[in-house]
Structure formats: C-alpha cells, structure tokens
Number of protein chains: 4
Amino acid sequence: MARGVNKVILIGNLGQDPDTRYTPNGNAVVNLNLATDESYKDRQTGQLVPKTEWHRIVLFGKVAEVAGQYLRKGSKVYIEGKLQTRKWQGQDGQDRYTTEVVVDINGQMQMLDSRGEGGMNQGAPAGRPQQSGNNAPAGQQSNNPPPQQSGGYSQPSQGSMPEPVDDFDDDIPF
Amino acid sequence: MARGVNKVILIGNLGQDPDTRYTPNGNAVVNLNLATDESYKDRQTGQLVPKTEWHRIVLFGKVAEVAGQYLRKGSKVYIEGKLQTRKWQGQDGQDRYTTEVVVDINGQMQMLDSRGEGGMNQGAPAGRPQQSGNNAPAGQQSNNPPPQQSGGYSQPSQGSMPEPVDDFDDDIPF
Amino acid sequence: MARGVNKVILIGNLGQDPDTRYTPNGNAVVNLNLATDESYKDRQTGQLVPKTEWHRIVLFGKVAEVAGQYLRKGSKVYIEGKLQTRKWQGQDGQDRYTTEVVVDINGQMQMLDSRGEGGMNQGAPAGRPQQSGNNAPAGQQSNNPPPQQSGGYSQPSQGSMPEPVDDFDDDIPF
Amino acid sequence: MARGVNKVILIGNLGQDPDTRYTPNGNAVVNLNLATDESYKDRQTGQLVPKTEWHRIVLFGKVAEVAGQYLRKGSKVYIEGKLQTRKWQGQDGQDRYTTEVVVDINGQMQMLDSRGEGGMNQGAPAGRPQQSGNNAPAGQQSNNPPPQQSGGYSQPSQGSMPEPVDDFDDDIPF
DNA sequence: TTTT
DNA sequence: TTTT
C-alpha cells in the first residue's frame, strides 16, 4: 500500500481542547493543536532558550473518538501519524498550503497523563452527542477560515445529531 | 534539551536536484523536495489509487554538505528530522506559514541508491566551491519567493566564496 | 489496543535469503537476518571502526509473503516492527531468551533495492506453493533448536518436501 | 557515521528502580527494565488479552545521570535508542546473547510523569554520590549473572568512589 | 517535481 | 495556545 515511508512521532501538550466534528456519515474528525518544547543554547548569551513548536493534528476514526472524549487543553499525548499538506483557497483567491499530521487507522494516539489528572479535569464527558455539543460549537468554529478546517467534512447538523453509525472509511477522502 | 518529542521519518525520492546555499559563515544549507508515495483503495471504484505527498526538507551542517554533493533528482533517501513551521510575509503583506522537516545535528540522512546508480549519474562533483557554483546559481534562486527560502541565510557572495570553515552552529537561527 | 509504544525502525541488508515457513493454516511466517552498519571513532586510535549489528526479524501475514518472494541475500530493506522477547528451553533444560523484531499487520516492510538489481537476482519466484517448497524444507528445518523457530507455527505439507536449499541458519549465533 | 538505520522507540513503565553503575572513569551507566503493554483479541475466546513486553535498556552519559537520579520503579518514560545484542558466557561455558536498547548521545530519554507524581515518590534523591550509593549497592549487584551486566564497564571501586567528574550541566537540564 |  |  505504500512505496515510501511517511511517519511523524510527537510528544507534547494540547494548547486547547480538541475540536471535534463529524462527517455526514457521523464519523468523528478531531483537530488538535499540539505543542512540542525544545530548548537550545543561545550563541550570543550562552543561555538556554526555550522554543515551542506548534503542530496541527487531525485524527480520524476510532482514535478520533477517544481523543475527543478524553483529551483536554493541557493534556500530554503521544502522536504517531503521517505528514500531509493540503491546498486551500485564501479569500484573495490565492492558493494556500497547510501541513498537518494525520492520524488514521495506521497511526497511534496515546494519552500520557496518568490517572485522570493532567488535563482531564473539566468533568468526565459522557456520551458522544454531548461531546459534539461541548467541543465543536458550531457558531464559533464555522467562521474559521479554511486553515482551521480539514477539507471535505462538515459539522453535524446541530440539534439533529444523527445517530453516529460507525461506517467509517466511507467518506474520508484518502 | 528537549521536553518533548518531535520526530519525522521519511523515505522517498527527490523531485529535483538539491538546492544548496551557504550562510555568511560558509555553512551549507540544503533544500530538498521529497516525494513519498502511498496508495489507497478508492471506495467508489475499488481501485488502487496512487497518491504522492511532497515534503520540504532543510538540511544543515555536515549532512547538508553530503546531501548537496551526492543527491540528485530522483535519488532515494531516508530522512530523519523534526517538524518546524516558519512564518513569512506574502507579497500582500499577510502572514504565510510553511512547514518543513529540519535535519540538523540531531537528524539523519541516508542515501538509499545502491552503487552509484539511481540519481547519482551526473558525474562526481568534486570540491565544495564548485558545488556551490553548480547547485546554487544565485541569479536563478534568488528570485524565489519566501516559501522557497529558509529564512536568515543567504547565498554565497560569489567569487569570494569565503573559506568554508566548519564553525557551524554560529549562525543557524534555532 | 496498546497502552504503550513499542516500535523498531531498521534499514539494513539481509545476511541470507529469507527463511519462509507456513503455519498449519497456510499463513506465511518469514525470518530475516538483517545487518545494520554503523561506524564509530575508536578513542585509542582515533580511527573509524565499522560495526555491524545483526537483527532477527519475523514477519507475519501479507508482508511475509512479499518478503519471502522478493527479498534475497543482500537485499536492502526498511523494517518497522516491534520488539518481542520469547523464552525457550535450551538442551540443558535451562531458559534461554531470544529477542526479535516482529512485523505484523501493524508493521511495515519496504524493499529499497531499485529496479530489480540488489539482491533480487535469482529469478522471480512464482506462486506460493513453490515458494513453500523452496524456502521451507520440512525435514531439515524441523531439527532446528528452538531459537531457530518462532513459536507456535509449524511447517507446510510435510513428507513431500523437495530439495531443501535454505539451510543456512546453522551458524547464526542466535 | 552510519550506513544503516537502527532505531527503537518505546514508551512504558519501569519494573524496578534504575540500576546505576559507574565506569572506572566515573561515567554513569544505567540499566532499566521497561514494560510496554499491549492487548490483543484472543481468536478463541474473542476476549481482549493484556500482554506485557519487557525491555532491557542501557543508558550512557548524561542521559544516564538523569535517569538514575529521577526515574523510579513505576516511572513512565519515553526511550529512543538502538538495538544491540551482546554475547556473554554462561556458567556452562556456552555462549549466550542478550539484546538491549542502548541510549547514548544519539538517543533520547523523556520522563513522562507529570509533577513529581508517578513513580517519583520515594523522596527526592539529592547529590550524585549518594545516588551511587543508593542505586548501585556493589555487594548486591555484583552477584548478578552476566546478563545483568553491560559488558566493559565495572562498578565503582567501592569506598574510593572517584569523585564523579562529569559535572556537565547544572543538575537539572530539562 | 520523484519513483515503481 | 500547552507544559515544566
């Protein structure tokens, strides 16, 4: 299935709560904003300077469900996925490119906060529908420009959150 | 030095010859355009569809020297580096972001073409100065828009190719 | 499915042809002996000393089929799998341990020899049955001590096994 | 320096406190016993069966110092190293082989327990000399059979513990 | 823009 | 925007 290798491995913390959306088929698609920290020695001052790198993560399928339910702002997480750059149109009609780390059936997500502390403190989210309501407030997110969206999927027709059947794979465009 | 993990592993082929530049200190900085191939089964047709992902690679230091000298368009290569997104200004004054895989002293580059075939066919490049001349023709490359450049380093002041001393680390902005 | 991470990534060359066997169900199980090369600077002499590390690889399923058919002694290959140590009984009744890199449905194998050169020179093996005959000679292999076997699977259609060529395995020290 | 790739990435928990030793030169060498958990679906019963894999980790240099000082039984940790199999002689004079994950200057170790909970609860170890005394009690460890040793380095000549020179960074470099 |  |  692959004549190359395209692998990303990250450990970092979430900058915000996960952004959960659903495909028309009811499959979860979760966006994460992940910070990885590094520090390097400044050549001028000789001091250790912290440097944060931010990564856009997109999870699909089962791992997206878990991420959306259990991860929160501040959560520490291990991510294994692949690099993907997608093109979108800016408001000026010009092409823009956004690179994301895609975690699908071939990837992995591991929560690294032990025993519920860490970022999992806002009360345990219960069922899926609530999740959707809590994490993907339509009004707010739907104004986001393309770089905040992940292509072909949209949000659940709110209020009518249509029985999430798990026929995944039927609508993800890759 | 790092309180997180930020690792990328790629195996693919170069879309063009490497783009070699030099910092004012004479350190090589090489840009690669790397394709990784994957194929997935189309849900509609059931057919296997090939899909190519393109990656921007930036190498620094010793590994950059080697890449610039021995890699060519078509070369198969293993890359281990880290993700880095840098901001630049579009001609319209707006912010743009480009994500690259940075290979520095902590990364790795492995040529995977065996026995000189593959992309290594244009004759063995000799010394470093010539390399610079061959691979980083100033007039051509300097017109490249920001996404084609890697930030703070510029090209060798040609003709005066300043004694490539290996005092690396003195000018790389991270 | 996993509350940890256990990942091995190797690029190296095969020390011998693959050793293909079959489970009672007819599933391929392939053993590889993979060399990864490294060199380090000797502190005494200051010289660059080459050092080869040998790895035992066990492949299951589809990837095993491909490996058995297309890899040969000398082939360069990318392996992604997981570490697994299994216990077996020495002839003296004592416990022995062998660590292997297991490549199953979650792993990956990529052939890195381009255009059929490399180790792929003994003529293209054809169908699976023949493969079985050539690579998994029952009579000879079944005498191998435990470290040469990979646990619960046994050999194919015994009794009719034709010329067993691949009896290396006898001098590999693990 | 390397014409191959030999990389291991693990996330798991320590089965015991680290075993810290020192080379004659006073360099720390730390052994860890790391468990990675996985679960698989039993084909017979259809049940999810947990499975623990144990790994021998050997750390050298600075990362060894940190591991010896801050890791404890139960600690969750990220390990990046390389596979290495070393030969030793059993009491019966026969060759034995032990495979370890070696973490040296090219590797990485990340503690994943947040805020001092996790396994770091036996009181904060203070200076290095005490560490040595606490973690590498010569009398106890020296009875360990070869698989418990890592080759060329020995234990601190007791009583004469030679003032660990390696005053690299300022204690806590992360 | 690469490669098979 | 996270974390220590």
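Residues numbered from 1 in each chain as written. Chains lettered and ligands numbered in written order. Predicted model: local features only at pLDDT ≥ 70, side-chain atom pairs only at ≥ 80, totals over all residues. Heavy atoms only, no water.

Attention now goes to the overall build of chain A. Per the secondary structure count, chain A includes 3 helices and 7 strands. Sequence-ordered secondary structure for chain A, helices as α and strands as β, is β-β-β-β-α-β-β-β-α-α. Counting the 174 residues in chain A, one finds 49% classified as buried. The long-range share in chain A, meaning contacts at least 24 apart out of those at least 6 apart in sequence, stands at 68%. A total accessible area of about 8,200 Å² is found for chain A, and carbon and sulfur atoms account for 48% of it. (Helix = DSSP H or I, 4+ residues; strand = E, 2+ residues; numbered from the N terminus. Buried < 20%, exposed > 50% of the residue type's maximum accessible area, 1.4 Å probe, protein only. Contact = heavy atoms within 4.5 Å. Areas by Shrake-Rupley, 256 points an atom, 1.4 Å probe, with all protein chains shown as cover.)

So, about the nonpolar core. Residues C:Ile57, C:Leu59, C:Ile79, D:Ile57, D:Leu59, D:Ile79 and D:Met109 are the most contacted members of the largest nonpolar core, which totals 43 residues. Per-element tally for this core: the top contributor is helix α1 (residues 62–70) of chain D, with 5 residues. Aside from chain neighbours lying at most four places away, what touches C:Ile57 is C:Leu10, C:Val30, C:Asn31, C:Leu32, C:Leu34, C:Ile79, C:Val101 and C:Val103. Of all hydrophobic cores here, the second largest spans 40 residues; its members include A:Ala28, A:Ile57, A:Val77 and A:Val103. (Core = buried A, V, L, I, M, F, W, Y, C linked by side-chain atoms within 4.5 Å.)

Residues and elements named next belong to chain B. With respect to the element layout, Ile-79 can be found in strand β5 (residues 76–89). Judged by relative accessible area, which is 0%, Ile-79 ranks as buried. Separated by 27 residues in the primary sequence, Ile-79 and Thr-52 have C-alpha atoms spaced 17 Å apart. Every residue in contact with Ile-79, bar those within four places of it in the chain, is listed here: Val-8, Ile-9, Leu-10, Leu-32, Leu-34, Ile-57, Leu-59, Val-101, Val-103, Gln-108 and Met-109.

Residue and element names in this part refer to chain C. Of all 14 residues in strand β3 (residues 28–41), 11 are buried, a share of seventy percent or more. Looking at chain direction, strand β1 (residues 5–14) and β3 are connected through 2 bridges and run antiparallel. Note on β3: the bridge partner recorded for Leu-14 is Leu-34. The pairing of strand β2 (residues 19–22) with β3 spans 4 bridges and is antiparallel. Within β3, the residue paired with Thr-20 across the bridge is Val-30. In textbook terms, the turn of a hairpin is the stretch between consecutive antiparallel strands, and for β2 and β3 this stretch comprises 5 residues, one of which, Gly-26, has a positive phi near 95°. Of the strand pairs in this sheet, β3 and strand β4 (residues 48–60) are connected by 13 bridges, and their pairing is antiparallel. From the neighbouring strand, Thr-36 faces β4, where its bridge partner is Glu-53. Here β3 hands over to β4 after 6 residues, with Gly-46 in that stretch at a positive phi of 75°. (Pairing = 2+ DSSP bridges.)

Before going further, it helps to examine the side chain of C:Asp113. Inspection of the secondary structure assignment puts C:Asp113 in the loop between β7 (108–111) and α2 (128–135). Within the structure, the side chain of C:Asp113 is placed 2.9 Å from the backbone nitrogen of C:Lys76, a separation counted as a polar contact. (Polar contact = N/O pair within 3.5 Å; in protein donor to acceptor, adjacent residues only side chain to side chain.)

All names here are of chain A. Locating Ser-75 in the fold gives a position in the loop between α1 (62–70) and β5 (76–89). A relative accessible area of 1% places Ser-75 in the buried class. A distance of 2.7 Å separates a polar side-chain atom of Ser-75 from the backbone oxygen of Arg-72.

Next up on the list: the UniProt feature "DNA-binding region" (unreviewed entry) in chain A. Under the UniProt annotation, "DNA-binding region" (unreviewed entry) lies at residues 54–60 of chain A. Its end C-alpha atoms 20 Å apart, residues 54–60 of chain A is made of 0% helix and 100% strand. (UniProt positions renumbered as here; feature names shortened; annotations may be inferred.)

Burial of strand β1 (residues 5–14) of chain A is extensive: 9 of the 10 residues sit out of reach of the surface. Pairing analysis gives 7 bridges linking β1(A) to strand β1 (residues 5–14) of chain B, with the strands arranged antiparallel. Bridge pairing links A:Val5 to B:Ile11 in β1(B). Sheet analysis places β1(A) next to β5(A), joined by 6 bridges and oriented antiparallel. Paired with A:Ile9 across the strands is A:Glu80, a residue of β5(A).

Enumeration according to the criterion identifies 45 salt bridges over all chains in this entry. Ionic pairing is found between A:Arg56 and A:Glu100, a salt bridge with its closest N-O pair at 2.9 Å. Residue A:Arg56 is found in strand β4 (residues 48–60), and its partner A:Glu100 is found in strand β6 (residues 95–103); the two are separated by 44 residues along the sequence. The class for A:Arg56 is buried, based on a relative accessible area of 19%. Ionic contacts of the salt-bridge type, sharing partners, join the residues A:Lys7, A:Glu80, C:Lys7 and C:Glu80 into one network. (Salt bridge = Lys/Arg side-chain N within 4 Å of Asp/Glu carboxyl O.)

For α1(D), the buried fraction is high: 8 of the 9 residues fall into the buried class. Of the residues making up α1(D), those classed as buried are D:Val63, D:Ala64, D:Glu65, D:Val66, D:Ala67, D:Gly68, D:Gln69 and D:Tyr70.

The next thing to look at is the confidence of the model for chain A. Averaged over every residue, the pLDDT of chain A is 75; residues scoring 70 or more account for 64%. Low pLDDT (under 50) marks residues 116–174 of chain A, which in the prediction has 115 contacts with non-local residues, meaning those over four places away or in another chain. (pLDDT = per-residue confidence, 0-100.)

Residues and elements named next belong to chain B. With respect to the helices, strands and loops of the structure, Val-63 is situated in helix α1 (residues 62–70). The exposure class assigned to Val-63 is buried, which follows from its relative accessible area of 17%. Spatially, the C-alpha atoms of Val-63 and Val-103 are 7.9 Å apart, while their sequence positions differ by 40 residues. The residues contacting Val-63, other than those within four sequence positions of it, are Val-103 and Met-109.

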